[in-house]
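# Notes for the structure review
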Amino acid sequence: MKEDEKNRGLAPGTPGTDPGSADAAQSVEEMMKKYDRESNTRIWVGVPAIVIKAILACFSLFMIYMNLFAVWDERVRRPLFLGLVILFVFILYPASKSGGRPQKPNHIPVYDILLALVGAGCFFYFVANNKAIINRAVRISDLEVWLGVIGILVLAECCRRVTGIPILVVAGCFVVYAFVAGKSLRIIIYNLFYTTNGVIGTPIGVCSTYIVLFIIFGAFLEATGIADFFIQCANVLAGWASGGPAKVAVISSALCGMVSGSSVGNTVTTGSVTIPMMKKTGYPGEFAGAVEAAASTGGQIMPPIMGAAAFLMAEMVGVPYSNIVVRAILPAVLYFTGIFLMVHLRAKRLGLEGIPREELPKAKDVLPKLYLLIPLVALVYLIIAGYTMSRAAIIATLLCIVVSMFSKEHRMTPKAFVDALETGARNTLSIAVACGIAGIIAGVVTMTGLGQVFISAIVGISHGHLMIALIFTMICCIILGMGVPTTATYIIMATTCAPILTTGMGLNALCASMFVFYFGIVADITPPVALAAYAGSAIAKADPMRTALNASKLAIAAFLIPYMFCLNPAMLLIDTTPVEFVIIIITSVIGMYAISAGLEGFMFSKLNPVLRLILLAAGLMLIYPGSVTDIVGTVITVCIFILELRHSKALAAA
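Small disclaimer: the values here were computed from a predicted structure and weren't measured.

### What about the overall build of the protein?
Helix and strand counts for the protein stand at 32 helices and zero strands. For 654 residues, the compact-globule estimate of 2.2 N^0.38 gives 26 Å, and the protein sits close to it at 25 Å. Counting only C-alpha atoms and orienting by the principal axes, one finds that the protein spans roughly 90 × 65 × 50 Å. In the protein, buried positions account for 55% of the 654 residues. Considering only contacts in the protein between residues 6 or more positions apart, those separated by 24 or more positions represent 78%. Taken as a whole, the protein presents about 25600 Å² of accessible surface, with 67% of it coming from carbon and sulfur. Each charge class in the protein can be summarised by its mean position, and for the 44 positive and 34 negative side chains these summaries are 2 Å apart.

Shown next as structure tokens:
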């Protein structure tokens, strides 16, 4: 066995496990370009590539300066940020995919140069004349009206290139509604382009401050080699167990996903290692791809980073980010517990073994690398200690540079430093344009009072029943989240549907925001547009739809947990005592086990259909808050557990 494979904790001969393999790297790159629009970038080589890398690195440094030292008005910071983003999008992203044809290196069409200059110029004009425009309010000139129209259209084109068409369709429908509601072009453009209720609203404000700095932090953290460390840890913890590679995928994807923040990106990168391992162990391809997709998608709900949407949630709900992180721990743990249980029961049902211990990394080799966790631990401490998120992110980023010095392979050289800055800038672009377009939706809702229309409609349909309103909201989240980035989905749903649950149904604001956050995320694995699941199926060479259906089944916890904390806010540490919280943990875990066993049809041996239905019912009773349902659900699950254990022992003795 190759020494490098052994050190990384990978099965020998596994495809794509050689980090130096050109074929593996090319395969990952092609997969990313197919399923992740953010990876469809122009090819720059030679001096132009160096210049662009330097410019992007300078952009990251500029964002650090702007957040730590500059004291500019938000109506200067935000349009300046968006103008720079537009320039970089046209430099990096072509108008369309190459369609398999090789791109011409160092080529950018004249029309892209013009669009970049004109689009960015519209925002820079606002920066240069912001005081005069603010003083004139809705009495903006005809020139400023058309500059706003052009700026929004160019931003929409950037969004089409980077994130796709679905979000543009949604935003377009909202703009049409504004016209139908009787708003003039001048009023619409003023509200959407020149006020902090539209394009440069809260989403862009959060993106240009907290999100960009945490993205830069994530780029530096990945540069320390923490992804390999997570995979090694996962192998030490679970690689030897029954169906070990799938459990490794769950653990490593949860850890890597909270850093990367991209369900598709995490599925492709870690999946290129874990999916072949699962198939080699004996898991069907569609199940292997589904495990990776479900676990990678859940990385966005894993504290402490939780993806970009969590920062927006803190701003919109009006609570500290540290509050969000602490309250999100139990739901995230339950989500991955559900996937882990499903994987375990499937492995037992198929009789799968783990990876031989001699092929796994040793704990004594992994423990000395625990220093790689210092930046993450420091980040959590600084946020809880009351540091601003911007300052905490910068300090944690500096610690990434420090810890990298302890490894020759990942030492932060000047080149690696610039590469990390460039990566941070690149990863910011997609979130920035999505936040800008989502701001249009929020602006229309504010300008037209559409939110009240939604509230009245859903409250009327649900007749005041919270469960019915939750179901309608879930459906909206999944539909609107198809092919839309999680951050944009959250903004849309937090603007339109969350108020329905809070104002119309009296639900706690944090519960409502977490509800739409969860269902915005699971859209990545829910058919028919399940991008993360489709990426996993491509690696596993399995049927995409069957992979997506398996992923949805594995992630059943994500469909249940939001209802749990809406019906019982104590799960989010809202109005609860330590004793109540412990009871919730116990009953929730038992409930997830009952549901997992019912769905898989296996406990210690194959379950008959009647027992499966009983277990599913018991699990749902444990999820629904109430002492009676908890007692009944627990008794049923324990009785079936004991009966099945005795039955399996009797079969073994026979």
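### Overview of the side chain of Ser 537
Relative to the elements of secondary structure, Ser 537 occurs in helix H27 (residues 531-540). A residue is classified by how much of its surface remains accessible, and Ser 537, at 2% relative accessible area, is buried. A distance of 2.7 Å separates a polar atom in the side chain of Ser 537 from the backbone oxygen of Tyr 534.

### Some thoughts on the environment of Gly 243
The topology assignment puts Gly 243 in the loop between helix H11 (226-238) and helix H12 (244-260). Measuring from C-alpha to C-alpha, the distance between Gly 243 and Arg 346 comes to 8.2 Å, with 103 residues separating the pair along the chain. If we ignore the near neighbours within four places in the chain, the residues touching Gly 243 are Tyr 283, Ala 347, Leu 352, Glu 353 and Gly 354.

### As for the packing of aromatic side chains
All chains considered together, the criterion is met by 26 aromatic pairs. Between the aromatic rings of Phe 193 and Tyr 194, the centroid separation amounts to 4.9 Å while the plane-to-plane angle is 80 degrees, which identifies the pairing as edge-to-face. You'll find Phe 193 and Tyr 194 in the same group, each marked buried. With a centroid separation of 6.2 Å and an interplanar angle of 85 degrees, the aromatic rings of Tyr 490 and Phe 517 are classed as edge-to-face. One end of the pair, Tyr 490, is in helix H24 (residues 486-496); the other, Phe 517, is in helix H26 (residues 509-521), with 27 residues separating them in the sequence. Note on Phe 517: relative accessible area 1%, which makes it buried.

### Comments concerning helix H13 (residues 263-281)
Because each turn of an α-helix spans 3.6 residues, side chains separated by three or four positions end up pointing in the same direction. Considering bend angle alone, the principal kink of H13 is centred on Gly 271 and spans about 60 degrees. Where H13 terminates, the next one or two residues include Gly 282, which has phi positive at roughly 130 degrees.

### Overview of the packing of helix H14 (residues 285-298) against helix H17 (residues 329-350)
Contact geometry for H14 and H17: axes closest at 10 Å, N-to-C directions at 165 degrees. Relative to H17, H14 is oriented roughly antiparallel. Handedness of the H14/H17 crossing: left-handed. Contacts from Phe 287, Val 291, Ala 294, Ala 295 and Gly 298 in H14 reach Tyr 335, Phe 336, Ile 339, Met 342, Val 343 and Arg 346 in H17. Split into classes, the residues belonging to the contact of H14 with H17 amount to nine nonpolar, one polar and one charged.

### Some points on the pattern of salt bridges
If you walk through the whole model with that rule in mind, you get 17 salt bridges. The residue Arg 78 makes a salt bridge to Glu 74 at a minimum N-O spacing of 2.8 Å. Of this pair, Arg 78 and Glu 74 both sit in helix H4 (residues 74-92), four residues apart, which is roughly one turn of that helix. Judged by its relative accessible area of 28%, Glu 74 falls in the partly exposed class. Each of Arg 42, Asp 112, Glu 157, Arg 160 and Arg 161 takes part in one network of salt bridges that share partners.

### Quick notes on the environment of Gly 265
Inspection of the secondary structure assignment puts Gly 265 in helix H13. Taking relative accessible area as the criterion, Gly 265 reaches 11% and is therefore assigned buried. With 162 residues separating them in the primary sequence, Gly 265 and Asn 427 have C-alpha atoms 11 Å apart.

### Details of a nonpolar patch on the surface
The grouping of Val 118, Trp 146, Ile 150, Phe 179 and Leu 185 at the surface amounts to a nonpolar patch, some 440 Å² of accessible area in total. Of note, Val 118 is situated in helix H5 (residues 110-128). According to the relative accessible area criterion, Val 118 is partly exposed, its value standing at 42%.

### What to know about helix H28 (residues 544-554)
Every buried residue of H28 is listed here: Thr 547, Ala 548, Asn 550, Ala 551, Ser 552 and Leu 554. Tucked inside the fold, the buried residues of H28 contact H14, H17, H27 and helix H29 (556-567). One side-chain oxygen at the N-terminal end of H28 lies 3.3 Å from the backbone nitrogen of Met 545; it belongs to Asp 543.

### Regarding the nonpolar core
In this structure, Tyr 335, Phe 515 and Phe 517 are the most contacted members of the largest nonpolar core, which totals 210 residues. Top element by residues in this core is helix H21 (residues 414-448). It accounts for 16 residues. Sequence-distant contacts of Phe 515, defined by excluding residues within four places in its chain, comprise Leu 470, Thr 473, Met 474, Leu 501, Pro 562, Tyr 563, Phe 565 and Cys 566.

### Re empty space enclosed by the protein
This structure, assessed with the given rule, holds three cavities of 30 Å³ or more. Estimates place the volume of the second largest cavity at around 40 Å³. Lining the second largest cavity are Pro 304, Ser 322, Val 325, Val 326, Val 380, Ile 383 and Ile 384. Those elements giving two or more residues to the lining of the second largest cavity turn out to be helix H16 (321-327) and helix H19 (374-384). Among the residues making up the lining of the second largest cavity, the classes are represented as six nonpolar, one polar and no charged.

### Focus: unusual backbone geometry
Phi angles above zero are rare outside glycine, and Lys 541 is one such case at about 55 degrees. Inspection of the secondary structure puts Lys 541 in the loop between H27 and H28. Not every positive phi belongs to a glycine, and Leu 573 is a case in point at roughly 60 degrees. One can find Leu 573 in the loop between H29 and helix H30 (578-600).

### A short note on the confidence of the model for the protein
Per-residue pLDDT for the protein averages 85, and the proportion of residues at 70 or more is 92%. Contacts of residues 1-22 to residues separated by more than four positions or lying in other chains number 48 contacts, the stretch itself having pLDDT below 50.

### Focus: the packing of H27 against H28
Two elements in contact, H27 and H28, have axes separated by 8 Å at closest approach and are oriented at 125 degrees. The angle between H27 and H28 falls in the class oblique. Our pair here, H27 against H28, has a crossing hand that is right-handed. Contacts between H27 and H28 involve Ala 533, Tyr 534 and Ser 537 from the former and Pro 544, Met 545, Thr 547, Ala 548 and Ala 551 from the latter. In terms of residue class, the contact of H27 with H28 is made up of six nonpolar, two polar and no charged.

### Things to note about the environment of Lys 369
Relative to the elements of secondary structure, Lys 369 occurs in the loop between helix H18 (363-366) and H19. Judged by its relative accessible area of 30%, Lys 369 falls in the partly exposed class. Within the structure, Lys 369 has its side chain in polar contact with the side chain of Gln 232 (distance 3.3 Å).

Calculation rules
Residues numbered from 1 in each chain as written. Predicted model: local features only at pLDDT ≥ 70, side-chain atom pairs only at ≥ 80, totals over all residues. Heavy atoms only, no water. Helix = DSSP H or I, 4+ residues; strand = E, 2+ residues; numbered from the N terminus. Rg over C-alpha atoms; globule rule 2.2 N^0.38 Å. Buried < 20%, exposed > 50% of the residue type's maximum accessible area, 1.4 Å probe, protein only. Contact = heavy atoms within 4.5 Å. Areas by Shrake-Rupley, 256 points an atom, 1.4 Å probe, with all protein chains shown as cover. Lys, Arg positive; Asp, Glu negative; His and termini not counted. Charge placed at Lys NZ, Arg CZ, Asp CG, Glu CD. Polar contact = N/O pair within 3.5 Å; in protein donor to acceptor, adjacent residues only side chain to side chain. Phe/Tyr/Trp six-rings, centres within 6.5 Å; stacked < 30°, edge-to-face > 60°. Bend = angle between axes of the 7 residues up to and from the residue. Axes fitted to C-alpha atoms, helices over the stretch in contact; angles between N-to-C directions. Parallel < 35°, antiparallel > 145°, perpendicular 65-115°, else oblique. Left-handed = near helix turned anticlockwise from the far one by under 90°. Nonpolar A, V, L, I, M, F, W, Y, C, P; charged D, E, K, R; others polar. Salt bridge = Lys/Arg side-chain N within 4 Å of Asp/Glu carboxyl O. Patch = residues over 30% accessible without salt bridge, like charges linked within 9 Å, V, L, I, M, F, W, Y side chains within 5 Å. Core = buried A, V, L, I, M, F, W, Y, C linked by side-chain atoms within 4.5 Å. 1 Å grid on protein atoms, 1.4 Å probe; cavity = no way out; pocket = protein on both sides within 12 Å on 5 of 7 lines; lining within 4 Å. Points joined across faces, edges and corners; volume = space filled by probe spheres on them. pLDDT = per-residue confidence, 0-100.

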